[in-house]
Structures are given as C-alpha cells and as structure tokens.
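Observations on chain architecture
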Amino acid sequence: MAPTSIIFLRPPPNAEFVQGFPGIPSLLPERQSAMIRGVVELRLSGRSVKARWIKIELCKLETLPGGGQSNTYIDFVGESPVTLWQAKNEWDEIRSQDLSFQIRIPEPIPPSLALERSAGIKYELVATILTKGKKGILRRESTQNVSASCQIVIDKHELHSAWPMYARPESRSKMLDGYTFTVNRTRQAYGPGDRIAVQSLVKNDTSQVNQVRYYEISLREHVMYTPAGNQNGTRKMMTQPQTRPRAIVEQRIPITMASPLHPGMQAKAELSLQVPFNQRTTTVSFAHRIEVNFVIYVRAVLATGLQLFLDLPITMSHWTRAQSIDFVRMIGPAGTLSNPGGVPGPATTPIAEFYQHPMASPPQGNLQAAMG
C-alpha cells in the first residue's frame, strides 16, 4: 500500500497566524510589516513519499450576492504562492517534517467582510504537496495534490477612528435657488456607539421670506458589487455594477417654533445621531469586486418645499472608540495617520499586490484537493 501524506497548518506557539497590524506601514525599525506566519506540518503514513514540491499561498475570495462558484473570484495575495520545498530532480523522497513560512500582508488590501446573501470577502491560507502515485498494470502513473486550508481574518488598522488624521474640521456648502446650505463637522471617522454631530447653516440670499420646517440627518451605507461578466459564453451573468444603498440610522428634527428666515439671514441647527453598537460593516477599498462606502446625509426642508441636502463621506470602523484609542497607542507613529493634517490613506497608498489565481477566470471557488 502506497504511503499517504497528511499536512496540517499551525500558527506559531501561543500566537495567531496574523502578526503585526495590517494596513499600517512599517515606518519604525522595531515594527515589522504585517505577516502571516506559521508552520506546515507534513505527516506520512510510511517512512517517505516521492514529491515534487510543497507550497503555501494566501488567497483572497470575493463573493457576490448569491454565493457559489460562479459568484466567487479568487486572487493570490502578496508573494503567494511560496515554495517551501522543491525536489532537486523531477521527484525526490521527502519525510515527515515541519516547514516554517511567512507571507507579507500588503498594506492596501480590503478587510475580511461578511455581507448579505453570502456575499463578502474572505482570506484562505492553503498548503499543498504534489506527490507521485504508483503505476499499475491497468493505469498510468498518477500525481496527487494533498491540501490543507484554514480561514484567516484580516482587520485593517488604518480604519481606527482615533487616528489624528480623521480629526480634521471640514465645511461643505451647496447653493440652490438662492439659498446656501452649509454643513460643518469636526471628525471624519466613526465606530460603533460613536455620536455623529454636525452643524447646519441655511442662508437666505433671495428677496423672499421663508422658514425651515425640519432637518434630517442619517448614516447611509453604499455597497457596490462589480461582476466580471460573461467570460465564457456559457452563463448569463450581470455585467453592470450594482449599488445597494441602506440607511443604517436616521433622524428627523422638526422645527416647531422656527423664526422666519428673512433675506440675508441664516438659520443654524446642531444635528446628531448615534452609530448603532451592533455596526460591524466597515469601509472597504482596494477590493476588485466589492466596495463599501459610508456617508452622512444632511437635509433641510423649507416651508416652500425646497429641499437642501449634502452628503459627507466618512470612514467607518467596526472598533469602538475605546478600542481604537488602545490600538493607536499600541501601534505608535504611523505616517499620515498620525498627522492631523494628513491625507486619507486610500488616496496615497499604492496598488495592492494581487496576482490572479489560475482558477479565477472564469470565476471559481473550489480550493479542495484534486487528483491528477
């Protein structure tokens, strides 16, 4: 009976697979880049087996609503695949052993994410050994891929709402039919339980008297899915991007005793709402098929029916404010993130290191062992 090969994936002792802070540049000598580290354990039923190579790879799986293989897109991440052992000849003997590995996590990659209808972003660590089978009287010599895999959760630490970069005051204005609508804010990133507060100003530049009837403020999520389209002509697949908006929380503030808004005057209001404590979806950039954005939507409705509104983009984290403060202290200086006048990370970060998985065209989702 031919010896069988079994491989296992193990994290370092008393540690997780993910080491460091994904999304944070290694600007300090004592802070290394974020890594996936661990050990591939090869265990054989016999003394040895003939093999060609052992490889490890980190894969990103983006799944569109509905799930399944036809809606799943796979890419290699970073330096994947990494060859841990290579035969000097076409086939060489290999015995049971442990092989250490590390894979650098590029800074600009999307976080792990779970969305509706099985959609989301997952990362999978896959170790594979290619072994040589036995030649029989009625069969040709065969090869066998033996794989082990485990799911890796990657959080992005540039999203912490406590970074000084997100504490920049901002003012936005919009003019419509002789009225100027201005919204001021002091923060640009939030997490579960945070209170979002803005100041609203409505200025009357017309010659008519008016009045503000009510204000609205809401936190909105916009998820965009971008399918690859019908690549092989065998399936009818949607090729246009789909955007799915959702109001996470909204509040209307009626003005019952409002003063008339005379020409040249302005009405001021302080508006606020709270991010739900169960908010778990985060801002997602750099993914190929899924993008998640958040905006604060502010609207003022006048007595004449005129509606003035503005959208303010924000960064959303799944960490609470207290958790973000602890992480920021732990991480230390982090370039523009630590600068109150810094530029948001996505605008200055290079393209992620993704390599197309050979199973990704047409879309595939099967990472299981295969017989050859």
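Keep in mind it's a predicted model, so treat the numbers as computed, not measured. (Residues numbered from 1 in each chain as written. Predicted model: local features only at pLDDT ≥ 70, side-chain atom pairs only at ≥ 80, totals over all residues. Heavy atoms only, no water.)

1. Side note on the overall build of the protein chain
Rules: Per the convention used, a helix needs a DSSP run of H or I reaching at least four residues, while a strand needs a run of E reaching at least two, with both numbered from the N terminus. Residue exposure (1.4 Å probe, protein chains only): buried if accessible area is under 20% of the type maximum, exposed if over 50%, otherwise partly exposed. Whether two residues are in contact is decided by their heavy atoms: any pair within 4.5 Å suffices. For the area figures, the Shrake-Rupley method with a 1.4 Å probe applies, and any residue is considered shielded solely by the protein chains shown.
Per the secondary structure count, the protein chain includes 2 helices and 21 strands. Relative to its full complement of 372 residues, the protein chain shows a buried share of 46%. When contacts within the protein chain are restricted to residue pairs at least 6 apart in sequence, those whose partners lie at least 24 apart make up 74%. Approximately 19,000 Å² of the protein chain is accessible, and the part contributed by carbon and sulfur atoms is 50%.

2. A short note on the sheet that holds strand 16 (residues 212-225)
Note the threshold: Strands were regarded as paired on the criterion that DSSP finds at least two bridges between them.
Taken in spatial order, the 5 strands line up as 14-20-19-16-17 in an open sheet, and their pairing is mixed. Single-partner strands in this sheet number two, and they are strand 14 (189-190) and strand 17 (242-254). Taken together, the 12 bridges between strand 16 and strand 17 define a ladder with antiparallel strand orientation. Looking at strand 17, one finds that S218 is bridged to E250.

3. What to know about the sheet that holds strand 18 (residues 266-274)
The following threshold applies: Axis angles are defined between N-to-C directions and span 0 to 180 degrees, where every axis is a line fitted to C-alpha atoms and, for a helix, only to the segment in contact.
One open sheet holds the 4 strands; their spatial order is 12-13-15-18, and the pairing between them is antiparallel. Of all the strands in the sheet, just strand 12 (170-176) and strand 18 have a single pairing partner and so form its edges. Direction aside, neighbouring strands of the sheet carry axes that sit 20° apart on average. Sheet topology note: the strand 12/strand 13 (residues 179-185) ladder contains 7 bridges and is antiparallel. Note on strand 13: the bridge partner recorded for S171 is N184.

4. Focus: the packing of aromatic side chains
Keep this limit in mind: Aromatic contacts are taken between Phe, Tyr and Trp rings whose centres are within 6.5 Å, Trp giving its six-membered ring; a plane angle under 30 degrees counts as stacked, one over 60 as edge-to-face, and the others as tilted. Only when the NZ of Lys or the CZ of Arg is both within 6 Å of the ring centre and within 35 degrees of the ring normal is a charge said to sit over the ring.
Evaluation of the coordinates by the stated rule reveals 2 aromatic pairs. On the numbers, 5.5 Å between centres and 55° between planes, the contact of W319 with F327 is tilted. Its relative accessible area of 23% is what places F327 among the partly exposed residues. The residue whose ring lies beneath K174 is F309, and the NZ or CZ to ring-centre distance is 3.7 Å. Directly above the ring of Y73 sits R289, whose terminal nitrogen or CZ lies 4.7 Å from the centroid.

5. Let's talk about the pattern of salt bridges
The condition that has to hold: By salt bridge we mean one thing: a side-chain nitrogen of Lys or Arg within 4 Å of a carboxyl oxygen of Asp or Glu.
Inspection of the entire model under this criterion finds 14 salt bridges. For E62, the salt bridge goes to K60, with nearest N and O atoms at 2.3 Å. The pair E62 / K60 is uniform in exposure class, with both members buried. A salt bridge links R187 to D194; the shortest N-O distance between them is 3.2 Å. The exposure class of R187 is partly exposed, given its relative accessible area of 21%. One continuous salt-bridge network, built from bridges that share partners, spans K60, E62 and D75.

6. Structural notes on the pairing of strand 10 (residues 120-132)
The buried fraction of strand 10 amounts to 11 of the 13 residues, a majority that puts the element mostly inside the structure. Across 12 bridges, strand 4 (residues 49-63) lies against strand 10 in antiparallel orientation. Within the sheet, the bridge partner assigned to I56 lies in strand 10 and is A127. Remark: 5 residues form the turn of the hairpin made by strand 9 (residues 113-114) and strand 10, two consecutive strands paired antiparallel; R117 in that turn has positive phi of roughly 55°. Judged from the 10 bridges that link them, strand 10 and strand 11 (residues 143-152) form a sheet pairing that is antiparallel. Looking across to strand 11, one finds that T128 is bridged to S147.

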